[in-house]
Amino acid sequence: MFKSCAQQWLTVSLLMSSVSVFAEETTTSESTPAITVAGSMAMLTDYRFRGVSMSNRDPAVQGALNFSHKSGAYLSLWASNADVGAGGNVEADFFVGYILPITEKSFLDINYADVNYPGTIKEFHTDFSEFGVNYNHSDLITGGDYFTAGVFYSPEFAFKSGKEIYLNTSYKFPVYKNIKLVSSLGYTKLEDNEQFAKAFGGDGQQDDYFDYKIGLGAEVLGLNSELVWIDNNIDSDANIMKGSVVFSLTKLF
């Protein structure tokens, strides 16, 4: 049975709104609002999470809403259509976290995610929670680039597949005007082969896998666009596990 794991972290722009507010507060500006609100809407040809299709390789529409306090604390709501093979067609997540500035160009995002699939069959135990810490750094090597590295942990992963650890790093590098090379590499580890098969299916010979993304991103007419190839090394013939080209458009507001 394929894992019911779908949760996309909010865009860097949404998270940076928290950092911006925190930075403004340090200047003792009386006009700094206590809470700021930001959001996004996205359309994708395929909803991919950690290398695997969450929409059965069909298009997806996603929305996010982020409430950021000037202290660095935030609450985020996120939703998408999804097809996880257990009934239901919606994913609705919420995140609580804290943005901890390190320098003017780097910060830690410490968060808790609650992932939910309303309408799925309860016996499949599709819902799960996850704790995460993400390091973010802009202008790391050159102006306009962006680097992240994170670790995530679930005490009881989707389909009651036990403890899960996910490691991820991503990098965006400017190549021409507003066009950037976008890339990411991730690693998922479950407790053993049996638990891995509960979450991902396959031949029962794996307890971990890698996923990656490579492609281009650009801002066009106020929209953030990406054209990328996404794949993984899960040993399965399931169509949702196979790599594919994904195009997306995101509007921040």
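The structure presented is a predicted model; accordingly, all values stated were derived computationally and were not measured.

What is the right way to look at the pattern of salt bridges in this model?
Where side chains of opposite charge bring their charged atoms close, a pairing between them can arise. Inspection of every chain in the model, using the stated rule, returns six salt bridges. In this structure, Lys 189 engages Asp 207 in a salt bridge whose closest nitrogen and oxygen atoms are separated by 3.6 Å. Of the two residues, Lys 189 is situated in strand E11 (residues 179-190) and Asp 207 in the loop between helix H2 (193-200) and strand E12 (208-220); the sequence distance between them amounts to 18 residues. Here Lys 213 ties to Glu 226 by a salt bridge, and the two come within 3.4 Å at their closest N and O atoms. One end of the pair, Lys 213, is in strand E12; the other, Glu 226, is in strand E13 (residues 223-232), with 13 residues separating them in the sequence. Overall, the relative accessible area of 23% leaves Lys 213 in the partly exposed class. Each of Arg 50, Glu 130 and Glu 164 takes part in one network of salt bridges that share partners.

Is there a simple way to think about unusual backbone geometry in this case?
Most of the time, phi is negative for any residue but glycine, and the peptide bond is trans. Residue His 125 is not a glycine yet carries a positive backbone phi of 55°. With respect to the secondary-structure elements, His 125 resides in the loop between strand E7 (106-116) and strand E8 (128-138). According to the relative accessible area criterion, His 125 is partly exposed, its value standing at 36%. One non-glycine residue, Lys 160, adopts positive backbone phi at about 50°. Along the chain, Lys 160 falls in the loop between strand E9 (146-154) and strand E10 (164-176). You can call Lys 160 partly exposed: its relative accessible area is 44%.

Conventions and cut-offs
- Residues numbered from 1 in each chain as written.
- Predicted model: local features only at pLDDT ≥ 70, side-chain atom pairs only at ≥ 80, totals over all residues.
- Heavy atoms only, no water.
- Salt bridge = Lys/Arg side-chain N within 4 Å of Asp/Glu carboxyl O.
- Helix = DSSP H or I, 4+ residues; strand = E, 2+ residues; numbered from the N terminus.
- Buried < 20%, exposed > 50% of the residue type's maximum accessible area, 1.4 Å probe, protein only.

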